[in-house]
There are 2 protein chains.
Amino acid sequence: MRIAIAQVNLHVGNFAHNYRCIISSLENARSKGADLVVFPELSVCGYPPGDMLLSGSFIDRCLSLVGDIAQHCRGIAAIVGSPSRNSGRGGKSLFNSAFLLEEGRISQVYHKGLLPTYDVFNEYRYFEPAVQFSPVRFRGHTISLTICEDIWNIGANGLYPFSPPDIINKFNPELMINISASPFAWNHLPGRMMVLSENAKRFGVPLFSCNLAGGQTDLLFDGTSAVFNPNGKIIGSLKSFEEDIQVFDTSEINNSSSFLEMPGEPGEEVKHRLIMDALVMGVRDYFKKSGLKKAVIGLSGGIDSAVCLVIAALALGRENVWAILMPGPYSSDHSVEDAAALANKLGVAYEIIPVSDTVNSFGESLGPYFENTEPGIAEENIQARVRAVFLMALSNKFGHVLLNTSNKSEAAVGYTTLYGDMCGALSVLGDVYKTDVYGLARLINNEDEIIPRNTIQKPPSAELRPGQKDSDSLPDYGQLDAILFSFLEKQMDAEEIVKAGHDRNLVNRVIGMVSNSEHKRRQSPPILRVSQKCLGVGRMMPLEADYRSFLDNGKS
Amino acid sequence: MRIAIAQVNLHVGNFAHNYRCIISSLENARSKGADLVVFPELSVCGYPPGDMLLSGSFIDRCLSLVGDIAQHCRGIAAIVGSPSRNSGRGGKSLFNSAFLLEEGRISQVYHKGLLPTYDVFNEYRYFEPAVQFSPVRFRGHTISLTICEDIWNIGANGLYPFSPPDIINKFNPELMINISASPFAWNHLPGRMMVLSENAKRFGVPLFSCNLAGGQTDLLFDGTSAVFNPNGKIIGSLKSFEEDIQVFDTSEINNSSSFLEMPGEPGEEVKHRLIMDALVMGVRDYFKKSGLKKAVIGLSGGIDSAVCLVIAALALGRENVWAILMPGPYSSDHSVEDAAALANKLGVAYEIIPVSDTVNSFGESLGPYFENTEPGIAEENIQARVRAVFLMALSNKFGHVLLNTSNKSEAAVGYTTLYGDMCGALSVLGDVYKTDVYGLARLINNEDEIIPRNTIQKPPSAELRPGQKDSDSLPDYGQLDAILFSFLEKQMDAEEIVKAGHDRNLVNRVIGMVSNSEHKRRQSPPILRVSQKCLGVGRMMPLEADYRSFLDNGKS
């Protein structure tokens, strides 16, 4: 049996696109002699459809598309993902299903049993978990077909009380197929590959995975679908961060003697390459799926906006990116020079719009109210907000989408101006710590000095008051990022972080800053997610809560 | 047996407050001769705790507080809600639990079986659903103790495959106690009371409900706890929108011959009174729980900001509210006059800060780029954003919290300026349709002309270009709101709305506007929720999705 894995890039709610994409992959697979083509989870509607699933006409369209695709399945079969209706008594009204299509019709349907409802996933919001499982039969073969999370409940103390593949295994399936929409994080692949490999080994059969590729707003799907032999070795894998289709002959899998290595924990260089590829895909797909082409970016001369501009130029083409330099009262000369040098190097058009006159105009109107007060946050924020008004005016006038250039470190501690540098339709670097932004800059400059050395070497500054440096307000970024990573990604409590060697006062200060800035992040643009704990999608922290229990009380 | 219902106002994560509140209610109940005091769902940590539940030290604090409260339970018992750890193999690591505390210790624990995961609820994100249920025993009594959703799975085709009270009923309980955190919506109470009444009738025992009171950011809890006799009649009910404690003697419930009427679907007047009370509570608790006192509001002379100012003055005291009048190039004279008249009438301090000079300053800097273009959205948005920068500058300088004054109709169709009139820490009217804002104004002016008649009578206008009126861009608000209500709250498809008598083109236009402005609302402030479908909390629509399947294709 020849199985094609069609790792496609689908668009939520865009049935016309998804239909074309699925049919052309089907015909491509047919031309390669495939018997069966496998598509990702919820392929007909895209992932994640969110509350669109609550619309009856949306579900009708999904099911109608499944029928349309089935019409093309003659001589070749397909497995596609779609929501389906729960016709039983009781429970949610939908299942998350996989349809086996053959000979012009739906021949079998499988319903997902384990519904991830944590971090970025909300599947139990929409779907009823299936509790009965059996394999699908195709041309005399018995196949253990499952959907994503269904095969993840392994180990001593799983998140769910049972495991669908264990139940299906009683029917002695010959092979496993898992369709998924498993999102990217820079350190996620080793775990994902391990789970797939463990399943192949545990049941002693080949396993075919088909994972979604492409970006859907903030969620990025890397693809990297793979095929495993019964010993859990990787026989083949599909591309990362793009569409791919490959055909595998089941009879050759047991005989194959060449294996791919299991991916290990990424080192710094691999990490930054992965993040870079993911962000470029994310920006590109955001624009493509919005039907938009052009971006505008505020270019400060600092490292964040520099890296952001490079990513935008790679994703959209340099001709579609517009850089706006907005020197203010406390901008240093080198800021404009560095920014212009980068734009010139990239061949990106740029404008210089000084903002001091407008900032002063606010100052004059506010004079009667601000007199006898010390200049502070209010005055600094005016500058950041004036820049935002300029950027949004250009965006509104010419239809360019404003990209946000904030990084994760400053977003985490609230070292940002709401309605100022927090503006934008999409945050490109909001899930990238400052230390990793430097890593991206090194990667960009690997062969040639694209980003001016001065941008990389100068001490980070918001330039909102004379001589200001980030280090006036924040700990050293190395320390800050280490504490943030422990608190956010590793979910360590303050006490554990202190025990791991960080200063107690600093840990409490950082956690306090994170907790006190939730209200700002609630209004942030969507953030391209590249880590296992993004500050946007997948974080549901309450506001106006009392966060003191998060601090280390020193009682340890 | 004398049962006290302690309908308290708790604060998420504020263990010190919650402890004080619970202990003082306990002592109050003791002084009234109660045997048992009942507190709301998740009382020790407040509701909804969100991702705070993922912190181990947070759970430790919850359980430690349960133990501390138990110490006070001597001679009197209490039922409190708290997360607890799932010590079994498999499943999520927490339960949503109710603890019976007596004689200084935890005597019994009940785990919630039905975990609402829809609209504003995300409980399966954190909790494992219990599958085994039994009653609690207290001083020889058998009590069917359940948590909120547990008693809601009634009717022919429930959301869950089983019902905990059915299972508990096999033990012949003498009475039911249901602790809850059931949020307010203006038309929710009849349904909630019906469910409680049906449960009492179905099992033929008295039912005591204890519901949370108070606002937690956007979610508002009205309390309105109640007691039902075995025939499902309301024997007594607690206050709405505030704390209350009442003691009921179980032996008197069967004999009581005076009943309260079941609430019916609210008429327009009741609706607006309910919304008003809820919003005042929401604003007051937002500030109290933030540890803040003072608000600033941009007062335009229009009806939205006028109603908002009255609500803020009621919630915070007129001395804690500051109104900023910012006439711009296209403001009419009456706008400033109407706004000043309202501020004077309320005794609220106000300032007049003209914005035209600053708007012109932007215009000058943008001149080279904007020349030969038609004035449009870009120019209009600059005015809205300049006002936002002024308001935020005053907020940052003096610590007043900016309240957002947008209404639901304009937010729904995107007739708003992101980073302009969409700014603010909290949206007061974001879940109130424009036609209901008029209803609130009528209520406010019921006895005296608080809001100037001109503000109410003039045609709505954003005053961002000469002679502009809302009706240039939007359908009549009566029609618009009717279509929005059908689409959002009643989840009707376009075809159904057309069939209900609305013009097909208009329906498609409105749904298109709603769908095309999701990206704006994603960055909106939290919105006080007063309806069954708020555009903030409880809505999880994808961005960059293709919404065409929502439109009516005319095929019907």
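We now turn to the structure provided with this report. (Residues numbered from 1 in each chain as written. Chains lettered and ligands numbered in written order. Predicted model: local features only at pLDDT ≥ 70, side-chain atom pairs only at ≥ 80, totals over all residues.)

### Digging into the nonpolar core
In a soluble, globular protein the nonpolar side chains are often hidden away together inside. Heads up, the rule is: Among buried residues, those of type Ala, Val, Leu, Ile, Met, Phe, Trp, Tyr and Cys that are joined through C-beta atoms within 7 Å form a set called a nonpolar core. Buried, partly exposed and exposed are defined by the number of other C-beta atoms within 10 Å of a residue's own C-beta, namely 20 or more, between the two limits, and 12 or fewer respectively, with C-beta atoms placed from the backbone. Whether two residues are in contact is decided by their C-beta atoms, placed from the backbone, lying within 7 Å.
Ranked by internal contacts, the top residues of the largest apolar core, which has 373 residues, are V38(A), L309(A), V38(B) and L309(B). If sequence neighbours within four positions are ignored, L309(B) has contacts with I297(B), L299(B), V321(B), A323(B), L342(B), L346(B) and V348(B).

### Re the interface of chain B and chain A
Basically, it comes down to this: Helix and strand labels come from DSSP, where a helix needs a run of H or I of at least four residues and a strand needs a run of E of at least two; each type is numbered from the N terminus. Under the scheme applied here, ten amino acids are nonpolar (Ala, Val, Leu, Ile, Met, Phe, Trp, Tyr, Cys and Pro), four are charged (Asp, Glu, Lys and Arg), and all others, including Gly, are polar.
Taken together, the 79 residues of chain B in the interface contact 80 residues of chain A. Looking at the side of chain B that touches chain A element by element, the count peaks at 13 residues for helix α10 (residues 377-398) of chain B. Split by residue class, the side of chain B that touches chain A holds 39 nonpolar, 26 polar and 14 charged.

### Topic: the sheet that holds strand β13 (residues 234-237) of chain A
All names here are of chain A. Let me state the cut-off plainly: We call two strands paired when DSSP finds no fewer than two bridges between them. Axis definition: a line fitted to C-alpha atoms, over the contacting stretch in the case of helices. Angles run 0 to 180 degrees between N-to-C directions.
The mixed open sheet is built from 6 strands, whose spatial order is β6-β7-β8-β9-β12-β13. The open sheet has two edge strands, β6 (136-138) and β13, and neither has a second partner. Ignoring strand direction, the axes of neighbouring strands in this sheet form an average angle of 20°. As paired elements, strand β9 (residues 207-211) and strand β12 (residues 226-228) share 2 bridges and run antiparallel to each other. Bridge pairing links F208 to V227 in β12. In the packing of helix α4 (residues 189-203) onto the sheet, contacts are made with β8 (175-180), β9 and β12, and the angle to β12 comes to roughly 30°.

### Side note on the relation of the copies chain B and chain A
Put simply, the test is: C-alpha atoms of residues with pLDDT of at least 70 in both copies form the basis for the least-squares superposition of the copies.
Here chain B sits on chain A after a turn of 180° about the axis and a move of 0.0 Å along it, with an RMSD of 0.0 Å. These values place the two chain copies in the arrangement generated by a two-fold rotation axis. Across chain B, the rotation axis passes nearest the C-alpha of Q523(B), at a separation of 2.2 Å. A high fraction, 100%, of the interface residues of chain B reappear at the interface in chain A, so the copies pair face to face through one surface.

### Regarding the pairing of β9(A)
Residue and element names in this part refer to chain A. Just so we agree on the cut-off: With the strands pointing away from the viewer, any crossover whose connection runs clockwise from the first strand over the helix to the second is right-handed.
Taken across its 5 residues, β9 has 5 buried, putting it largely inside the fold. Burial along β9 is two-sided: L207, S209 and N211 facing one way and F208 and C210 facing the other are all buried. As paired elements, β8 and β9 share 5 bridges and run parallel to each other. Pairing of M176 across the sheet is with L207, part of β9. Regarding topology, α4 serves as the crossover connection from β8 to the parallel β9, and that connection is right-handed.

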